[in-house]
Amino acid sequence: MTRPTVAEINLSAIRKNLKKIKSLSKVSLIYPVVKANAYGHGYKEVVKEIENLVNGLSVATTEEALEIRRITNKSILCMEGPYDKKEFDLLIKNKIDLVIHSKRQIEFIEPIDRFPKEIKVWIKVDTGMNRLGFKEEEIIDEKMNAGLRAYLDKKKGKETDDKEENGNGKNGKASKLS
């Protein structure tokens, strides 16, 4: 004989719990994870219930980010980042923040002349789980840092052509951050 399993979703309890978290951490940014259909709770219902209490929402994939974008203008963080250039372009077009966890993803950013100011790029560091993220030795890698510096320069609104002015244009390194 099997026992029936019932999951009862109480949206007011989710809201109450979120308010408690905010009261305990007044200066922290709150980006609840609503991936996988809000872990089976129903992302549409959950997002509508909590969006006015949070700084943004986190999802795993581009597909999830696009679904959430259809129902809210809140900041959305795509935690796996773009898989390929096509996904990168979709995330940028839909104003979705990205997580960068590989050198390949940095290459998507490098050719952009001006990076949209409203989009944040988060850097994922592997702190020991050995799944996604940059390893310590990669973080100090010159090519990777050049790509990140180029992004930061673009984020500040600098022209990428100022490399010559800083004496860095011919060797391919990005200009020094001030």
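Coordinates for the structure precede this section.
Note that the structure is predicted; figures quoted are calculated from it, not measured.

Asker: Help me understand the nonpolar core in this model?
Answerer: Generally speaking, a soluble globular protein has its nonpolar side chains buried in company with each other. In this structure, Val34, Ile68, Phe88 and Phe115 are the most contacted members of the largest nonpolar core, which totals 32 residues. For this core, the elements supplying multiple residues, two or more each, are helix H3 (43-50), strand S1 (56-59), helix H4 (62-69), strand S2 (75-78), helix H5 (85-93), strand S3 (97-100) and helix H6 (103-109). Top contributing element to this core by residue count: H3, with four residues.

Asker: Looking at this model, I keep getting lost on the sheet that holds S2. Mind explaining?
Answerer: Backbone hydrogen bonds hold the strands of a sheet together, and the pairing may be parallel or antiparallel. On the basis of which strands lie adjacent, the open sheet formed by four strands has the order S1-S2-S3-S4 and parallel pairing. This sheet does not close on itself; its edge strands, each paired only once, are S1 and strand S4 (121-123). When strand polarity is set aside, the average angle formed by the axes of neighbouring strands in this sheet is 25°. Both S1 and S2 contribute to a ladder of four bridges, which runs parallel. Each bridged residue has a counterpart across the sheet, and for Gly56 the counterpart in S2 is Ser75. In the packing of H4 onto the sheet, contacts are made with S1 and S2, and the angle to S2 comes to roughly 170°.

Asker: Even after reading the chapter, I still don't get unusual backbone geometry, so can you show me in this structure?
Answerer: Trans is the prevailing form of peptide bonds, just as negative phi is the prevailing case for residues other than glycine. With phi around 55°, Ala36 is a residue other than glycine that occupies positive phi space. Mapped onto the fold, Ala36 is located in helix H2 (residues 35-39). Taking relative accessible area as the criterion, Ala36 reaches 44% and is therefore assigned partly exposed. For Asn37, which is not glycine, the phi torsion reads 55° and is therefore positive. As for its placement among the helices and strands, Asn37 is situated in helix H2.

Asker: Help me understand the pattern of salt bridges in this model?
Answerer: Side chains that differ in charge, positive against negative, can pair when their charged atoms come close. In total, this model carries five salt bridges according to the counting rule given. With its nearest N and O atoms 2.7 Å apart, the salt bridge here joins Asp89 to Lys85. Taken together, the positions of Asp89 and Lys85, both in helix H5 and four residues apart, correspond to about one turn of that helix. By relative accessible area, Asp89 is classed as partly exposed at 38%. Exposure remark for Lys85: the relative accessible area of 38% places this residue in the partly exposed category.

Asker: Would you explain a nonpolar patch on the surface in this entry?
Answerer: Taken together, Ile123, Val125 and Ile139 make up a surface patch of nonpolar side chains, about 200 Å² in accessible area. Note on placement: Ile139 falls in helix H7 (residues 136-139). Residue classification places Ile139 among the partly exposed positions, given a relative accessible area of 30%.

Asker: Please clarify how the packing of aromatic side chains should be interpreted in this entry.
Answerer: By convention here, two paired aromatic rings are described through the distance between centres and the angle between planes. Throughout the structure, instances matching the rule amount to two aromatic pairs. Where Tyr31 meets Trp122, the ring centres are 5.5 Å apart and the plane angle is 75°; that geometry is what we call edge-to-face. Here Tyr31 is found in the loop between helix H1 (11-24) and H2, whereas its partner Trp122 is found in strand S4, with 91 residues between them in sequence. For Trp122, a relative accessible area of 31% corresponds to the partly exposed category. Here Phe88 and Phe108 contribute two aromatic rings whose centre-to-centre distance is 5.8 Å and whose plane-to-plane angle is 40°, an arrangement assigned as tilted. Here Phe88 is found in helix H5, whereas its partner Phe108 is found in helix H6, with 20 residues between them in sequence. Residue class for Phe88 comes out buried when judged on its relative accessible area of 1%. Take Phe108: its relative accessible area is 10%, and that puts it in the buried class. Residue placement shows Arg104 over the ring face of Tyr83; its charged tip is 5.5 Å from the ring centre.

The rules we used
Along each chain, residue indices are assigned from 1 in the same order as the chain's sequence is written. For a predicted model such as this one, the threshold for reporting local features is a pLDDT of at least 70, and the threshold for listing and counting side-chain atom pairs is 80 or more; totals across whole chains, interfaces and linings nevertheless cover every residue. Hydrogens and water molecules were not included; the side-chain quantities draw on all heavy atoms of the structure. Here, the term nonpolar core denotes a set of buried Ala, Val, Leu, Ile, Met, Phe, Trp, Tyr and Cys residues that are joined through side-chain atoms within 4.5 Å. Remark: exposure states derive from per-residue accessible area (1.4 Å probe, protein chains only) relative to the maximum for the residue type, with buried under 20%, exposed over 50%, and partly exposed in between. Helical segments are the DSSP runs of H or I of at least four residues, strand segments are the runs of E of at least two, and each set is numbered from the N terminus. Following DSSP output, two strands are said to pair if at least two bridges run between them. Helix axes use the C-alpha atoms of the stretch in contact, all axes being lines fitted to C-alpha atoms, and the angles between their N-to-C directions lie in the range 0 to 180 degrees. Any two residues having at least one pair of non-hydrogen atoms within 4.5 Å are treated as being in contact. We define a salt bridge as a contact between a side-chain nitrogen of Lys or Arg and a carboxyl oxygen of Asp or Glu at a distance within 4 Å. Each patch is built from residues lacking any salt bridge and having more than 30% relative accessible area; the joining distance is 9 Å for like charges and 5 Å for nonpolar side chains (Val, Leu, Ile, Met, Phe, Trp, Tyr). Areas reported here follow the Shrake-Rupley algorithm with a probe of radius 1.4 Å; residue values treat only the protein chains shown as occluding. The pairing test for Phe, Tyr and Trp rings, Trp by its six-membered ring, is centres within 6.5 Å, and the orientation test on the planes gives stacked under 30 degrees, edge-to-face over 60, and tilted for anything in between. Charge over a ring is defined by NZ of Lys or CZ of Arg lying within 6 Å of the ring centre and within 35 degrees of the ring normal.

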